[in-house]
Amino acid sequence: MKASPADIDRTAAVEEIPTRKSESVYDNVTRQFDKAADMVKLDENIRKILAMTTNEIIVHFPVRMDDGRIEMFTGYRVQHNNALGPFKGGLRFHPAVEIDEVRALATWMTWKSAIVNIPFGGAKGGIQLDPSKYTLKELEHITRRFTFALGDNIGPEYDIPAPDVNTTAQIMAWILDTYLSTMSPHERQRCTHVVTGKPIESGGSLGRDKATGQGVVFTIEEWAKDRGFDLRGATYTVQGFGNVGSWTARLMKEHGSKLIAVEDVSGAVANPDGIDPDELVDYASKNKWLISGYPKAEPIDRKTLLQTEADIFVPAALENQITADTAPWLKVKVVAEGANGPTDPDGDRILREKGIDMIPDILCNAGGVIVSYFEWLQNKRSEFWELEEVDCKLHKKIVAAYGRVRDTAKKYKTDWRTAAYIVALDHLERVYKERGIFP
Ligand code: NAD
């Protein structure tokens, strides 16, 4: 039996996104980093350290399939930097996962934690696979065997995974259980914070499921305040209707904004009168978490979605979506990057030339890692926070980070992505200068 959506949330949603493979995602990170490092005149020695990852782990591991065959899998964990605290970052299950992509995602995590001022470093990982091809039981075995293969390369005070594309709270629960099963009985109770994004009953935090979308919406609120723009009646489009895209869409509805087009791996749909995000979630939940065939909107193609005139566009799928080819199509006031790396440097330049505002990924989608940090703290302190407390603390952190990026953009007269990098680099540079380099 294949994994059903009811069993495993969104692992059925698998992409065929035509990303521009010619443009390496890690090259994008390097170009973004170099620009900010030049502007802020980053110390040359610290620049050398931050330009490289710390550890790159590649594991090949066997898993027995339901029919008795053994299949080999390749998994990755890249740890970019842990100057500020334990390595931290999601795990992705996707056919396009490879070392270069994981390096880029790990590096972005370092900047993100530094910008929002939480004591974490940056890491990312994943398995190269198409989850829709496996049964629920097989996915469980793949997850557990990957966790076992990573061994001591992860740990509650060392490197803490979380959900990302095609990984869910259920998958985090399997990682937790596998990790704890390898510990001595005396240590088990002290290690539930080895992963975040867990189901609530297994030590998860209230508000973690929606946290990234909530953070996206908090940053959009700040942007609207800055611009004197009324979100009531504003129109928005969303690419990707998984965890980040669907929560963003639902929370924007609370502002009275109108979702007019949305895309996922199965296709795109539009309705100028508005698509109810809650109804769409309800529909997708009965359709393998896919939106195609939604009866209250018209099917459109991918190009039409990107060309749809709206106030706000939220890319919430994969990298390299807004490029030299697609950026000229956008007719929006602001791009709020729910996804990691959806805009490449050429796309950035074109959006700037068109006067489109940008809330960059390492600020915009940081709500996920912020609430992961809250979950980690609750586990360490044996506490359980109410949702209001989580939301209130998230709001405070992300609004403060938004202010830092805005002020830095003004100070350096630069774009917001570069400003966000400058905030992160400045923080890390100070830490390295205070501590020095051993020996
Ligand atoms: P998810 O697996 O829950 O959802 C991914 C969505 O993207 C699905 O709706 C899928 O159908 C869609 N998609 C895939 N290929 C597509 C294509 N070609 N065109 C349009 N849509 C496509 O993943 P997620 O957790 O929502 O992550 C989405 C993005 O947000 C990723 O870049 C991820 O790194 C980033 N992010 C996630 C979190 C988190 O907490 N989950 C935190 C920060 C950043």
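Only a predicted model underlies this, so the values are computations on that prediction, with no experimental measurement involved.

A closer look at the domain arrangement of the chain
Point 1. When cut into domains, the chain gives domain 1 (55–192) and domain 2 (211–364).
Point 2. Computed over C-alpha atoms, the centres of domain 1 and domain 2 are 28 Å apart.
Point 3. Of the roughly 790 Å² buried where domain 1 meets domain 2, counting both sides, 61% is carbon and sulfur surface.
Point 4. In terms of surface lost to domain 2, no three residues of domain 1 exceed W108, K112 and I115, which account for 54% of the buried area on that side.
Point 5. Run the count over domain 1 and domain 2 and you get 1 salt bridge.
Point 6. Along the contact surface separating domain 1 from domain 2 lie 2 residue pairs in polar contact (both at pLDDT 80 or more).
Point 7. Going through the elements one at a time, β3 (87–94) and α4 (99–116) are the ones with two or more residues in the side of domain 1 that touches domain 2.
Point 8. In terms of residue class, the side of domain 1 that touches domain 2 is built from 5 nonpolar, 1 polar and 5 charged.

Observations concerning the packing of aromatic side chains
Point 1. All chains considered together, the criterion is met by 14 aromatic pairs.
Point 2. The interplanar angle of 90° and the centroid separation of 5.5 Å between the aromatic rings of F87 and Y158 together place this pair among those described as edge-to-face. A residue pair is termed long-range when its members are at least 10 positions apart, and F87 in strand β3 and Y158 in the loop between α5 (136–150) and β5 (159–163) qualify at 71 residues.
Point 3. We classify Y158 as partly exposed; its relative accessible area is 32%.
Point 4. On the numbers, 5.4 Å between centres and 45° between planes, the contact of F374 with W385 is tilted.

What to know about the sheet that holds strand β1 (residues 55–64)
Point 1. Spatially, the 5 strands line up as an open sheet ordered β1-β2-β4-β3-β5, and their pairing is mixed. Each having just a single partner strand, β1 and β5 make up the two edges of the open sheet. Here the strands of the sheet are splayed against their neighbours by 25° on average, with no regard to which way each runs.
Point 2. Pairing of β3 with strand β4 (residues 122–128) involves 4 bridges; the strand directions are parallel. Bridging across to β4, L91 finds its partner in G125.
Point 3. Lying over the sheet, α5 contacts β1, β2 (70–81), β3 and β4, oriented at roughly 135° with respect to β1.

Some words on the pairing of strand β7 (residues 258–264)
Point 1. In terms of burial, β7 is largely enclosed, as 6 of its 7 residues are buried.
Point 2. Note on the crossover from strand β6 (residues 235–239) through helix α9 (residues 243–253) to β7: the handedness is right-handed.
Point 3. In the sheet, β7 pairs with strand β8 (residues 267–275) via 5 bridges, with the strands oriented antiparallel. Bridging across to β8, E263 finds its partner in A268.

Here we look at the layout of surface pockets
Where empty space is left becomes clear once a probe the size of a water molecule has been rolled over the atoms.
Point 1. A volume near 310 Å³ is recorded for the second largest pocket.
Point 2. R227, I356, D357, M358 and W416 are, among the 15 residues lining the second largest pocket, the residues nearest its centre.
Point 3. For the lining of the second largest pocket, the elements supplying multiple residues, two or more each, are α8 (208–227), α12 (345–353), β12 (357–359) and α16 (416–435).
Point 4. Of the residues assigned to the lining of the second largest pocket, the class counts are 7 nonpolar, 1 polar and 7 charged.

Re the sheet that holds β7
Point 1. The mixed open sheet is built from 7 strands, whose spatial order is β9-β8-β7-β6-β10-β11-β12. For this open sheet the edge positions go to β9 (298–300) and β12, each flanked by a neighbour on one side alone. The mean inter-strand angle of the sheet, taken between neighbouring strand axes irrespective of direction, is 20°.
Point 2. Strands in contact with α8 are β10 (312–315), β11 (334–336) and β12; relative to β12, the strand with the most contacts, it is inclined by about 145°.

Details of the pattern of salt bridges
Point 1. Taken as a whole and judged by the stated rule, the model has 38 salt bridges.
Point 2. We note a salt bridge from D130 to K133, for which the minimum N-O separation is 3.4 Å.
Point 3. Between R430 and D426 there is a salt bridge, with its nearest N and O atoms 3.4 Å apart. Of this pair, R430 and D426 both sit in helix α16, 4 residues apart, roughly one helical turn.
Point 4. Because the salt bridges share partners, they merge into one network encompassing R92, E101, K124, D164 and E319.

Remarks on the pairing of β2
Point 1. Most of β2 is tucked away, with 9 of its 12 residues classed as buried.
Point 2. Sheet topology note: the β2/β4 ladder contains 6 bridges and is antiparallel. Looking at the pairing, N81 lines up with G122 of β4.

Some details on unusual backbone geometry
Point 1. Of note, the bond from F438 into P439 is cis; its omega dihedral lies within 30 degrees of zero at 5°.
Point 2. Its place among the elements puts P439 in the segment after α16.
Point 3. In this model, K41 sits at a positive phi of 50°, which is unusual for a non-glycine residue.
Point 4. Exposure remark for K41: the relative accessible area of 71% places this residue in the exposed category.
Point 5. Even without glycine at this site, K288 takes up a positive phi of about 55°.

Some points on the environment of I115
Point 1. Within the secondary structure, I115 sits in helix α4.
Point 2. Between the C-alpha atoms of I115 and T167, which are 52 residues apart in sequence, the distance is 25 Å.
Point 3. Other than its neighbours up to four places away in sequence, I115 contacts I362, L363, A401, R404, V405, A420, V423 and A424.

Each value, and the rule that gives it
- Residues numbered from 1 in each chain as written.
- Predicted model: local features only at pLDDT ≥ 70, side-chain atom pairs only at ≥ 80, totals over all residues.
- Heavy atoms only, no water.
- Domains from an automatic or database assignment.
- Buried area = accessible area lost by both parts, 1.4 Å probe.
- Salt bridge = Lys/Arg side-chain N within 4 Å of Asp/Glu carboxyl O.
- Polar contact = N/O pair within 3.5 Å; in protein donor to acceptor, adjacent residues only side chain to side chain.
- Helix = DSSP H or I, 4+ residues; strand = E, 2+ residues; numbered from the N terminus.
- Nonpolar A, V, L, I, M, F, W, Y, C, P; charged D, E, K, R; others polar.
- Phe/Tyr/Trp six-rings, centres within 6.5 Å; stacked < 30°, edge-to-face > 60°.
- Buried < 20%, exposed > 50% of the residue type's maximum accessible area, 1.4 Å probe, protein only.
- Pairing = 2+ DSSP bridges.
- Axes fitted to C-alpha atoms, helices over the stretch in contact; angles between N-to-C directions.
- Contact = heavy atoms within 4.5 Å.
- Right-handed = clockwise from strand over helix to strand, strands pointing away.
- 1 Å grid on protein atoms, 1.4 Å probe; cavity = no way out; pocket = protein on both sides within 12 Å on 5 of 7 lines; lining within 4 Å.
- Points joined across faces, edges and corners; volume = space filled by probe spheres on them.

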